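# A look at the structure
Chain by chain, the residues run as shown.
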Amino acid sequence: MKQLQKFNMLGAIYLALRYFITKNKGRTLRQKVFALLHPTATSGPLHRYIDHVIIAAVLVSVVSIILETVPEIHAIFGPEFKLLEWVTVAIFTLEYLGRVYSCCEREEYAHPIRGRLRYMVSVSALIDLLAVSPFYFDLLFHENVDLRFLRVFRLSRLLKLTRYTGTLNTLFKAVQREKRVLLASAFMMLLLVSLTASLGFELEHAAQPDKFESIPATMYWAVITLASVGYGDITPITPLGRAMTVVISLIGIGIFAIPAGLMASAFTDQLRIDRETFENEFRKAVADGRYSAHDRQALDAEAERLHLTPQDVNRIMERVRNEMRSVGHDVTEGLDPEVMLERYRQQISNLRSMAHGKSAEQINTLLTDESKSTAVERDIWQSLRQK
């Protein structure tokens, strides 16, 4: 079974590579590199396989960085950790160079020099650069400067995963929508922390001058008390101080829960809005008669970003088609010929299954009734039953 799975995987990669070569025949090297690293009409499955390789490299790299800090594990697998670092850095370096080289295919980075410089200072490019720079700095200057502190920046490779998921983008949109309410909540928390620290200082400074030495120092106690975590390293000992701590802890449960509830609600609403936008985009593409293979690929990429399953996508598309049919709109109008051919093949396959299924005889009896079928329908049915 393992050998069969391995063969299937290699076969899928071969088919993806052949599809990519066929679709990109005659295109420039820069266009081919861009198609490998970005979803385009000519990328095909090979683009997804490359994404999976990069994601796997990020996860393997981060896990090895964490495990090599354990002395017992590092003593056994030290050479393996070093080899993994070289391999993953090579993958990240090739990816970074490929993205910088091919970014000119985007309209905003079209200029060969200024465009690349603009891309290199973008957030995603800086994350890619930060993921590999500690390795090269340590490689070049380790003999003269102690750069061990840079190793922690290797964990920034986790940020590369934000490119392959739309969750963070949805979260940013949710924060942007609710920023006024979140700022008001933050102001309330800051005000409450300041008041709590001031009261704590006034009530406890005389009894514990070493712990409640000033209002800024007391803010640490105020924050952990309001957050209801209470580490116990700083606690009031006066009766009034303890009574205030009880009241403040109860208030903190409600105050600190407000931003969490707001973010959960805003995130859910934003996800619903994005999914409605996806449905509207599909409806508009069908209505405008421009639903081609490229449009389907773009919608599939958006569906993946929104974590929609294929069943969810098919359900949305079927609902939109039913709406179009109900108003007399031809859902096949303007479709890409390849898409129409694929639908035609699916319909023929379904009819052939009916012609050889359990209900074939009953359907055949109904079709022989000339009042219930046309001559063309009977001819098609007989041709399907003969094959």
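Residues numbered from 1 in each chain as written. Predicted model: local features only at pLDDT ≥ 70, side-chain atom pairs only at ≥ 80, totals over all residues. Heavy atoms only, no water.

Our next topic: the confidence of the model for the chain. Within the chain, residue pLDDT values average 78, and 80% of them lie at 70 or more. Highest mean pLDDT in the chain belongs to helix α5 (residues 114-120) (92); lowest belongs to helix α12 (residues 293-305) (63). (pLDDT = per-residue confidence, 0-100. Helix = DSSP H or I, 4+ residues; strand = E, 2+ residues; numbered from the N terminus.)

Bringing helix α6 (residues 123-141) into the picture now. Compared with an ideal rise of 1.5 Å per residue, which puts 19 residues at 27 Å, α6 spans 26 Å between its outermost C-alpha atoms and is within 8% of the ideal. Of all bends in α6, the biggest is about 35°, found at Val132, and the proline Pro134 comes one to four residues later. Those residues of α6 not exposed but buried are Ala125, Ile127, Asp128, Ala131, Val132, Ser133, Pro134 and Phe135. Its buried side turned inward, α6 meets α4 (71-102) and α5. (Expected span 1.5 Å × (residues − 1). Bend = angle between axes of the 7 residues up to and from the residue. Buried < 20%, exposed > 50% of the residue type's maximum accessible area, 1.4 Å probe, protein only. Contact = heavy atoms within 4.5 Å.)

All right, on to the side chain of Asp128 then. Mapped onto the fold, Asp128 is located in helix α6. Accessibility expressed as a relative area gives 1% for Asp128, which makes it buried. Polar side-chain contacts of Asp128 include one of 2.9 Å to the side chain of Lys160. If we skip the residues at most four places from it in the chain, Asp128 touches Glu95, Tyr96, Arg99, Tyr119, Lys160 and Arg163. (Polar contact = N/O pair within 3.5 Å; in protein donor to acceptor, adjacent residues only side chain to side chain.)

With their axes 9 Å apart at the nearest point, helix α3 (residues 45-67) and α4 run at an angle of 145° to one another. Of the two possible hands of crossing, α3 and α4 adopt the one that is left-handed. On the side of α3, the interface is formed by Val53, Ile54, Ala57, Val58, Val60, Ser61, Ser64 and Leu67, while α4 contributes Ile73, Phe81, Leu84, Glu85, Thr88, Ile91, Phe92 and Glu95. (Axes fitted to C-alpha atoms, helices over the stretch in contact; angles between N-to-C directions. Left-handed = near helix turned anticlockwise from the far one by under 90°.)

Tracing the chain through its elements places Glu108 in the loop between α4 and α5. As a C-alpha pair, Glu108 and Tyr119 span eleven residues in sequence and 8.9 Å in three-dimensional space.

Taking 1.5 Å per residue, 17 residues should reach 24 Å; helix α10 (residues 239-255) reaches 24 Å between its end C-alpha atoms and fits that length. Within the sequence span of α10, burial applies to Gly241, Met244, Thr245, Ile248, Gly252 and Ile255. When α10 is viewed along its axis, its buried side chains cluster within an angular range of 110° and face the same direction. Exposed residues lying more than 90 degrees from the buried face of α10 are Pro239, Arg242, Val246, Leu250 and Ile253. (Arc of directions from axis to C-beta.)

Counting across every chain of the model gives four aromatic pairs. Between Tyr109 and Tyr119, the ring centres sit 5.5 Å apart and the planes meet at 75°, which makes this aromatic pair edge-to-face. You can see Tyr109 sitting in the loop between α4 and α5 and its partner Tyr119 sitting in helix α5, a full ten residues away along the chain. Here Tyr109 matches Tyr119 in class, with each residue buried. Look at Phe212 and Trp221: their rings are 5.6 Å apart centre to centre, the planes differ by 70°, and that puts the pair in the edge-to-face class. Residues Phe212 and Trp221 agree in their burial class; the two are buried. (Phe/Tyr/Trp six-rings, centres within 6.5 Å; stacked < 30°, edge-to-face > 60°.)

Quick look at the state of the cysteines now. According to the stated counting rule, one finds zero disulfides in the structure shown. Considering cysteine sulfurs only, Cys104 is the nearest to Cys103, which forms no disulfide, with 4.4 Å between them. What makes Cys104 buried here is its relative accessible area of 5%. (Disulfide = S-S within 2.5 Å.)

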